[in-house]
Amino acid sequence: MQSNQDKLETSNRLLSGFKEIEKWHPHKMLAHLILLGSFLVLIFLLITFTIESIAYHDFLIKIKLPKFFIMATIVIMVSGLLKNDILYLYNQDDIESIRKKFFEKFLFGTVFLLFQFVGWLELVFQGLTFKNNVVGTYLFLITGYHMIHVLAGLVYVTFFLYRTKDIQVDPVSKLLYFTSPYERIKLEIFRTFWNFIGVSWVFLFIWLVFLI
């Protein structure tokens with residue numbers, strides 16, 4: 001049983017957390033809500049797939065998880081393990097290093113998509129397509145849903161690299177960039193989004209390992 005003092009401390013921590021959230025920029029709040037919604041959609045698809053797969057158990061046990069899905073998981077985990085210090089670099093006004101970090105994300109994201117596409121080909125070679133049965137439909141739908149998020153991330157990375165190209169050589173643009181609080185907020189949103197991509201794929205992959 002919690003004492004009144006413990007309950008009071010818990011309530012104070014919750015209130016402190018809510019007050020901190022209230023300070024968030026509206027775009028940051030919106031981004032977190034969108035990611036939460038995306039994760040709930042992913043959970044719904046996985047649960048529905050699990051339920052539907054019961055009727056196709058005999059077919060499902062013949063399917064092998066694509067090796068390139070495993071390789072894609074390794075790629076995205078390595079990307080997540082690398083130091084993600086773009087906010088620190090922003091505080092240091094180091095646009096060159098920030099661009100290197102974004103280019104690094106671009107490379108890992110591109111390799112991940114390539115591996116996922118080859119993984120789809122592995123499924124096709126096993127007789128699975130989007131239309132031929134429920135198992136194929138859900139596998140392509142769920143992994144494709146995640147792929148859309150990766151593509152969205154790569155589009156933003158490409159836009160960022162293009163947009164910040166001149167900041168390296170233009171002192172005025174550099175000053176304006178590093179004195180804008182909103183630029184930091186955009187980096188915070190991107191960091192959260194990229195972490196979401198990695199965590200959601202690992203979660204999805206583990207679910208599929210136990211299911212297939």
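All right, on to the environment of Ile185 then. You can see Ile185 is positioned in helix 9 (residues 181–211). For the pair Ile185 and Lys28, spaced 157 residues apart in the sequence, the C-alpha separation amounts to 7.1 Å. With residues near it in sequence (within four places) discarded, Ile185 still touches His25 and Lys28.

Position of Gln116 among the secondary structure elements: in helix 6 (residues 95–125). At 2.6 Å, the side chain of Gln116 and the backbone oxygen of Thr143 are in polar contact.

Applying the stated rule across the entire model yields five salt bridges. Salt-bridge contacts for Arg163 lead to Glu183; the nearest nitrogen and oxygen are separated by 2.6 Å. One end of the pair, Arg163, is in helix 7 (residues 134–163); the other, Glu183, is in helix 9, with 20 residues separating them in the sequence. Note on Arg163: relative accessible area 32%, which makes it partly exposed.

Topologically, Phe205 is positioned in helix 9. Sequence spacing of Phe205 and Ala72 is 133 residues, and the spatial spacing of their C-alpha atoms is 9.7 Å.

Here we take up the packing of helix 2 (residues 26–53) against helix 7. Helix packing for two helices is described by the angle between their axes and how far apart those axes are. At a closest axis distance of 10 Å, the pairing of helix 2 and helix 7 adopts a crossing angle of 165°. The pairing of helix 2 with helix 7 is recorded here as roughly antiparallel in orientation. Relative to helix 7, helix 2 is oriented so that their crossing is left-handed. Residue-level inspection shows Ser38, Val41, Leu42, Leu45, Leu46, Thr48, Phe49 and Glu52 of helix 2 in contact with helix 7, the latter providing Val134, Val135, Tyr138, Leu139, Leu141, Ile142, Tyr145 and His149.

Reading guide: rules and limits
Residues numbered from 1 in each chain as written. Predicted model: local features only at pLDDT ≥ 70, side-chain atom pairs only at ≥ 80, totals over all residues. Heavy atoms only, no water. Helix = DSSP H or I, 4+ residues; strand = E, 2+ residues; numbered from the N terminus. Contact = heavy atoms within 4.5 Å. Polar contact = N/O pair within 3.5 Å; in protein donor to acceptor, adjacent residues only side chain to side chain. Salt bridge = Lys/Arg side-chain N within 4 Å of Asp/Glu carboxyl O. Buried < 20%, exposed > 50% of the residue type's maximum accessible area, 1.4 Å probe, protein only. Axes fitted to C-alpha atoms, helices over the stretch in contact; angles between N-to-C directions. Parallel < 35°, antiparallel > 145°, perpendicular 65-115°, else oblique. Left-handed = near helix turned anticlockwise from the far one by under 90°.

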